[in-house]
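Residues per chain are reported as follows:
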Amino acid sequence: LLSAFALSGEKIFLTKAAETADGMMPAFKTASGIPHSDVNLARGTADDPGPGGNVGISEPSSIQLEYRYLSRATGDPKYRQVAD
């Protein structure tokens, strides 16, 4: 969605990206600050990824880049703040 917005400038992509990010906010409610990878958007819940609770380093790194861009594009700092 963010790539589509960056390439086209169509606000619908930015709006949908923000709606998706808002739905993923429960993933960041962790003791470590590293987000859960399993999010149920319908229930608004997030869970550990499974046995051992391991998360690949690429997931939080990618989310950080995407959320920083989303904050810049929307003017809303909450996305950057939750991912930093």
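One numbering rule holds for all chains: residues counted from 1, following each sequence as written. Given that this is a predicted model, residues contribute local features only at a pLDDT of at least 70 and side-chain atom pairs are listed and counted only at 80 or more, while totals for whole chains, interfaces and linings are drawn from all residues. Hydrogen atoms and water are omitted, and side-chain values are computed over all heavy atoms in the structure.

(A) Inspection of the nonpolar core at higher detail. To form a nonpolar core, buried Ala, Val, Leu, Ile, Met, Phe, Trp, Tyr and Cys residues must be joined to one another through side-chain atoms within 4.5 Å. Relative accessible area decides the class of each residue, using a 1.4 Å probe on protein chains only: under 20% of the type maximum gives buried, over 50% gives exposed, and in between gives partly exposed. Judged by nonpolar contacts, the single largest core of 14 residues is most densely connected at Phe28, Tyr67, Leu70 and Tyr79. Where this core is concerned, the elements lending two or more residues are α1 (2-8), α2 (11-23), α3 (58-74) and α4 (78-83). We call two residues in contact whenever any of their non-hydrogen atoms come within 4.5 Å of each other. Other than its neighbours up to four places away in sequence, leucine 70 contacts Leu2, Leu14, Ala17, Ala18, Ala21, Gly75 and Tyr79. Only DSSP runs of H or I covering at least 4 residues are called helices, and only runs of E covering at least 2 are called strands; the numbering of each starts at the N terminus.

(B) Quick look at a negative patch on the surface. Only residues whose relative accessible area exceeds 30% and that form no salt bridge enter a patch; like-charged residues are grouped when within 9 Å of one another, and nonpolar side chains (Val, Leu, Ile, Met, Phe, Trp, Tyr) when within 5 Å. Calculation of accessible area relied on Shrake-Rupley with a 1.4 Å probe; when residues are assessed, cover is drawn exclusively from the protein chains displayed. We define a salt bridge as a side-chain nitrogen of Lys or Arg found within 4 Å of a carboxyl oxygen belonging to Asp or Glu. Positive charges come from Lys and Arg, negative ones from Asp and Glu, while His and the chain ends are left out of the count. Charged groups are reduced to one reference atom each: NZ for lysine, CZ for arginine, CG for aspartic acid, CD for glutamic acid. Negative charge collects at one region of the surface, where Asp38, Asp47, Asp48 and Glu59 lie side by side. Note on placement: aspartate 47 falls in strand β2 (residues 45-47).

(C) Spotlight on the packing of aromatic side chains. Ring pairs shown here join Phe, Tyr and Trp side chains whose ring centres sit within 6.5 Å, with only the six-membered ring taken for Trp; geometry is labelled stacked below 30 degrees between planes, edge-to-face above 60, and tilted in between. Taken as a whole, this structure holds 2 aromatic pairs when the rule is applied. With a centroid separation of 5.4 Å and an interplanar angle of 50°, the aromatic rings of phenylalanine 28 and tyrosine 67 are classed as tilted. Residue phenylalanine 28 is located in the loop between α2 and β1 (38-40), and its partner tyrosine 67 is located in helix α3; the two are separated by 39 residues in the primary sequence. By the burial criterion, phenylalanine 28 is buried, and tyrosine 67 matches it. Aromatic pair tyrosine 67 and tyrosine 79: ring centres 6.1 Å apart, planes at 85°, arrangement edge-to-face. Taken as a pair, tyrosine 67 in helix α3 and tyrosine 79 in helix α4 lie far apart in primary sequence, 12 residues in all. For the pair tyrosine 67 and tyrosine 79, one class covers both residues: buried. The structure contains a cluster of three or more aromatic residues connected by ring pairs, namely Phe28, Tyr67 and Tyr79.

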